[in-house]
Each structure stands twice: as structure tokens, then as C-alpha cells.
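Letter by letter, the chains look like this.
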Amino acid sequence: MQAIQVTDKVYWVGAIDWNIRDFHGYSTHRGTTYNAYLILSDKPTLIDTVKKEFYPEMMARIASVIDPKKIEIIISNHSEMDHSGALPEAVAAIEPKEIYCSDMGLKDLSAQLHPKFPMKVVKTGDKIDIGGDTISFVEARMLHWPDSMFSYLEKENILFTNDVFGMHYATSRLFDDENEERLWLYEAEKYYANIVLPYSDIVLRFLDTVQKMGLSPKMIAPDHGFIWRKDPSKIVNLYAKWATQAPKNKALVVYDTMWGSTQKMAQYIAEGLRLGGTEVKLLSMHSCHRSDVATELLDSSGLIIGSPVLNSGIFPSMADVLCYLKGLKKKHLVGGAFGSYGWNPGPVNALANTLTELGIEAVAPVVSAKFVPDAPVEQACKALGLAVSKKIAEKLK
């Protein structure tokens, strides 16, 4: 395994996970990378490690450039196990003189790894001299863990950002200009929608703070995906856009069905949305993954949810996606709910409470059908779609 040169002094020594398809409930159908970076200086420095099982790959890449024993400093920007899992083995093999992390990083690493090695705590504004260059630190709390921080290699003008500005995207092409935008743009958006979205207010404040600090890196090097070298501002601007959660004339109808009745209702609702001039996407949980629903929701203004009744509750796939979306805390949504039942309408009617829990402004009562929807139900569904479309249009004025 060979390291990949980033600059004269910086090398990528991470690992590519081509096969991972689930990352704590997030569908990673294009795999991911675990990025670690080696800085050649008077005090050779390693920034982050990799998932535990990829330790040999990381060490082989390091050894292709330098004797690992010569590394004097290890920096942990983020304690999540896909970046810290290999840390104990790396420390044992390398025996660095110093290991740095944030205050919360120390607490999290201690709780996860129970390390037998000392770590030094740094905070925003702290600097360390690595001989020939300086690394300064910026805490990025709750982006997306309490321990998260950035490391800035000052002379090389490279910002190492752990999970921020990354994506789950396995690629042997290390830089933005080597990858197809039509592929990575979706993965970057998906990453934001499924991981960073709940912290959007923090993102906006943090971007403002970084701008006031005068940081304008020539490269942004995250811990997943590729390095931004041609145009680092592109991903920064995308984050600023996504964080505002600006409304768009788009709505999702998310549903599942048992015997086709709820699906028919979804189609009627979609027709109402279309007639109202709103872009609509029907997402059946029989064929869609929760993380793809979250991605489509990022630029949507409307969410209409539908479920049949099973065992006196909503359908399991709908319970799954609704629980998932609740945690992502998408703002500025309007919508409604619908569903079919056989003898107990209670679970369908209870979807009104779910809308409240999701922070969705309901524009009409829940539409329900006993068994198969008839003509009045068809009209009620179309009216629901039209009402959501109208409300979205009002908000866009």
C-alpha cells in the first residue's frame, strides 16, 4: 500500500472501504474512505487514524514514506471509532512523544478506548510547533460530535476538518478535480442531510466564526471522501446553502402499503401537488432507504406521510423512517398525513401527532380510508395535495 502525495510535505495515508453499505443506519452504497494524513516536518505528525480493521493498510502507507517510529506527534481531530479505532495500535507501534485532542475528545477517547497513554488537550487558538511549520486548532463542537475540531497547517495552508465537508464516497482519486461532480454532489448532499442537518444553526455560526478568523485554506482535507484542492470554497458554499434550509417548491409523499390502498392515496395526493405546481416525489418505503428519503427532504418544503395499519400500529417501515427523520430536525416543513385501515382507524389518526413531533405544519386533517379508497377519499387526497402546494407557494412569496 502506497501513500498518496498531497503536497511536498503532506501525504494521504488513509484507507478505502469499498464494501461498507451501512453506516449506523445510513446507506453507503458507494462505500467510504477513512482519511489520515502524514505531515513530514522536523517533528513528523499524523493527523487522525482509521477504523480499527484498516490499521494495517494505514501503517503500510505510512511505511512507504517514512519509518513509522519517526512520527513524533499524533493529532485526533475526532474520536468517533472510524477515525480513532486504530489509535491504540498506532500509539503502541509508533510511540509518539505527544498526542493531542480537544477537551471533549479526551473524555470521549477515554470512554471508548480506555487508553493507557497520555494525551494533551488543546483548544481554539492553541498552536503547536512541528518544526518548519505550525498547526493551530479550531474547536468545532457538535459538528457533529462534541469533541470535533479542525487542525490548520499554517504554511501549507491546509485545513484538516475531520467529518465536516466530507462524504461517504469510496474513490482512488484523491482530489475534487479528479472526481465527477454528478456523482459526488449527491453523496455530499446525502452526507449533510443524514449527519450534519440537525446542527445547521451551528454550521452557520461556525462558518461565520471561521470567516472572521481570516482562514482561507488552499486545501480542505476531510476524514471521508476526497480532498478539496481545486475549489475548496465550493463545499463551503454548499454547506452555507444547505444550512439555511431555504424552502423550495418541492414536496415528498413518503408511504408504505400492504394491499395497494395507501399507494393509491399517495398517487392521488401527488396528483394534487402536481396540479398545484409543486414538484413531487413519491417514495415508497418498500423500495427506498431511510437515508435517501432524508436526502430528498433536504431541499423540500413539504412532507406528507402515509401508512396502513398493522397490528394496531402504523406499518413498521414507516415507524422506522419517521423515527429517523425526527432526529434530523428538518425545518420549514408543511404537510399532512393519510392512511388506510381495516377496523381500527386510531393509528392513522395518530399520524397527526407524528406531524407535530416532526415539526410539520399540518394544512388539513388526516385523510383516512376504510380498506379501499372510494371517490370521496380520492377527492380528499387530491385536496390535501393542493392544500400543501398552496401553503408552500405562500411561504415562497
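Enquirer: What should I look at first to understand the overall build of the protein chain in this one?
Expert: Secondary structure assignment for the protein chain yields 13 helices and 23 strands. Along the longest, intermediate and shortest principal axes, the C-alpha atoms of the protein chain span 80 × 45 × 35 Å. Every one of the 397 residues in the protein chain was classed for burial, and the buried ones make up 57%. Nonlocal contacts in the protein chain, meaning residues at least 24 apart in sequence, comprise 73% of its contacts between residues at least 6 apart. Put simply, the protein chain has 43 plus and 47 minus side-chain charges, and the middle of one group is 4 Å from the middle of the other.

Enquirer: Looking at this structure, I do not really get unusual backbone geometry. What am I missing?
Expert: When glycine is set aside, most residues are seen to have a negative phi, and most peptide bonds are trans. In this structure, the amide linkage connecting Leu-143 to the following residue, His-144, adopts the cis form with an omega of 5°. Within the fold, His-144 resides in the loop between β13 (134-139) and β14 (149-153). Unusually for a residue other than glycine, Phe-165 sits at a positive phi of about 70°. Looking at the secondary structure, you find Phe-165 in the loop between β15 (158-160) and α5 (181-196). Overall, the relative accessible area of 4% leaves Phe-165 in the buried class.

Enquirer: What am I meant to see in the environment of Glu-98 here?
Expert: Within the secondary structure, Glu-98 sits in strand β10 (residues 98-101). Among the residues examined, Glu-98 registers a relative accessible area of 22% and is labelled partly exposed. Glu-98 sits 23 residues away from Ile-75 along the chain, and the two C-alpha atoms are 8.5 Å apart. Dropping the residues within four chain positions of it, Glu-98 is found in contact with Glu-72, Ile-73, Ile-74 and Lys-120. A polar side-chain atom of Glu-98 sits 3.0 Å from a polar atom in the side chain of Tyr-100. Within the local environment of Glu-98, its side chain forms a polar contact with the side chain of Lys-120, the two groups lying 3.2 Å apart.

Enquirer: Is there a simple way to explain the side chain of Lys-250 in this structure?
Expert: Checked against the element boundaries, Lys-250 lands in strand β17 (residues 250-255). Look at Lys-250 and you get buried, because its relative accessible area is 3%. Within the structure, the side chain of Lys-250 is placed 2.7 Å from the side chain of Glu-296, a separation counted as a polar contact. Separated by 2.7 Å, the side chains of Lys-250 and Asp-299 make a polar contact.

Enquirer: Sorry, what's going on with the sheet that holds β15 here?
Expert: The strands making up a sheet associate through backbone hydrogen bonding, with each pair oriented either parallel or antiparallel. In spatial order, the strands read β12-β13-β14-β15-β16; together these five strands make up an open sheet with mixed pairing. Two strands lie at the open edges of the sheet, namely β12 (127-129) and β16 (219-221), each paired on one side alone. Pairs of neighbouring strands in the sheet enclose a mean axial angle of 20°, with direction left out of account. Pairing of β13 with β14, which is carried by five bridges, proceeds in the antiparallel orientation. Each bridged residue has a counterpart across the sheet, and for Ser-136 the counterpart in β14 is Tyr-152.

Enquirer: What should I look at first to understand a nonpolar patch on the surface in this one?
Expert: Side chains of Trp-343, Phe-371 and Val-372 sit close together on the surface and give an oily, nonpolar patch of about 430 Å² of accessible area. Secondary-structure assignment places Phe-371 in the loop between β23 (367-370) and α13 (375-396).

Enquirer: Quick question: what am I supposed to make of the sheet that holds strand β8 (residues 45-47) here?
Expert: One open sheet accounts for seven strands, arranged β1-β2-β7-β8-β9-β10-β11; its pairing is mixed. Only two strands of the sheet have a single partner each, and these edge strands are β1 (4-5) and β11 (120-121). Across two bridges, the pairing between β1 and strand β2 (residues 10-12) is antiparallel. By the bridge assignment for β2, Gln-5 is matched with Tyr-11. Most of the contacts of helix α4 (residues 103-113) go to β10, to which it runs at about 105°, and overall it touches β10 and β11.

Enquirer: Even after reading the chapter, I still don't get the pairing of β23, so can you show me in this structure?
Expert: For a regular strand, the rule is simple: side chains alternate between the two faces of the sheet. Alternating positions in β23 separate cleanly, Val-367 and Ala-369 being buried on one face and Ser-368 and Lys-370 remaining unburied on the opposite face. Across four bridges, strand β21 (residues 334-341) lies against β23 in parallel orientation. Residue pairing across strands places Tyr-341 opposite Lys-370, the latter belonging to β23.

Enquirer: What exactly am I supposed to notice about the pattern of salt bridges here?
Expert: Any two side chains of opposite charge can pair, so long as their charged atoms come close to each other. The final tally for this structure, using the stated rule, is 29 salt bridges. Each of Lys-248, Lys-250, Glu-279, Lys-281, Glu-296 and Asp-299 takes part in salt bridges that share partners, so that together they form one network.

Enquirer: Help me out: how do you make sense of the packing of helix α1 (residues 55-63) against helix α3 (residues 87-94) in this one?
Expert: Packed helices, taken two at a time, are described by the angle their axes make and the gap between the axes. Running from amino to carboxyl end, α1 crosses α3 at an angle of 40°, the nearest separation of the two axes being 10 Å. As judged from the angle between their axes, α1 and α3 are oblique. Considering only the axes of α1 and α3, their crossing is right-handed. On α3, the residues that touch Tyr-55, Met-58 and Met-59 of α1 are Glu-89, Ala-90, Ala-93 and Ile-94. Among the residues forming the contact of α1 with α3, the class breakdown is six nonpolar, no polar and one charged.

Enquirer: I would appreciate a short explanation of the packing of α5 against helix α7 (residues 232-244) in the present structure.
Expert: The interhelical angle for the contact between α5 and α7, taken along N-to-C directions, is 45°, at an axis separation of 11 Å. Considering their axes alone, α5 and α7 lie oblique with respect to each other. The interaxial crossing formed by α5 with α7 has right-handed handedness. Contacts between α5 and α7 involve Glu-181, Trp-184, Leu-185, Ala-188, Glu-189, Tyr-191, Tyr-192 and Val-196 on the former and, on the latter, Lys-234, Ile-235, Leu-238, Tyr-239, Trp-242 and Ala-243. Grouping the constituent residues of the contact of α5 with α7 by class yields eleven nonpolar, no polar and three charged.

Definitions and limits used
- Residues numbered from 1 in each chain as written.
- Predicted model: local features only at pLDDT ≥ 70, side-chain atom pairs only at ≥ 80, totals over all residues.
- Heavy atoms only, no water.
- Helix = DSSP H or I, 4+ residues; strand = E, 2+ residues; numbered from the N terminus.
- Buried < 20%, exposed > 50% of the residue type's maximum accessible area, 1.4 Å probe, protein only.
- Contact = heavy atoms within 4.5 Å.
- Lys, Arg positive; Asp, Glu negative; His and termini not counted.
- Charge placed at Lys NZ, Arg CZ, Asp CG, Glu CD.
- Polar contact = N/O pair within 3.5 Å; in protein donor to acceptor, adjacent residues only side chain to side chain.
- Pairing = 2+ DSSP bridges.
- Axes fitted to C-alpha atoms, helices over the stretch in contact; angles between N-to-C directions.
- Patch = residues over 30% accessible without salt bridge, like charges linked within 9 Å, V, L, I, M, F, W, Y side chains within 5 Å.
- Areas by Shrake-Rupley, 256 points an atom, 1.4 Å probe, with all protein chains shown as cover.
- Salt bridge = Lys/Arg side-chain N within 4 Å of Asp/Glu carboxyl O.
- Parallel < 35°, antiparallel > 145°, perpendicular 65-115°, else oblique.
- Left-handed = near helix turned anticlockwise from the far one by under 90°.
- Nonpolar A, V, L, I, M, F, W, Y, C, P; charged D, E, K, R; others polar.

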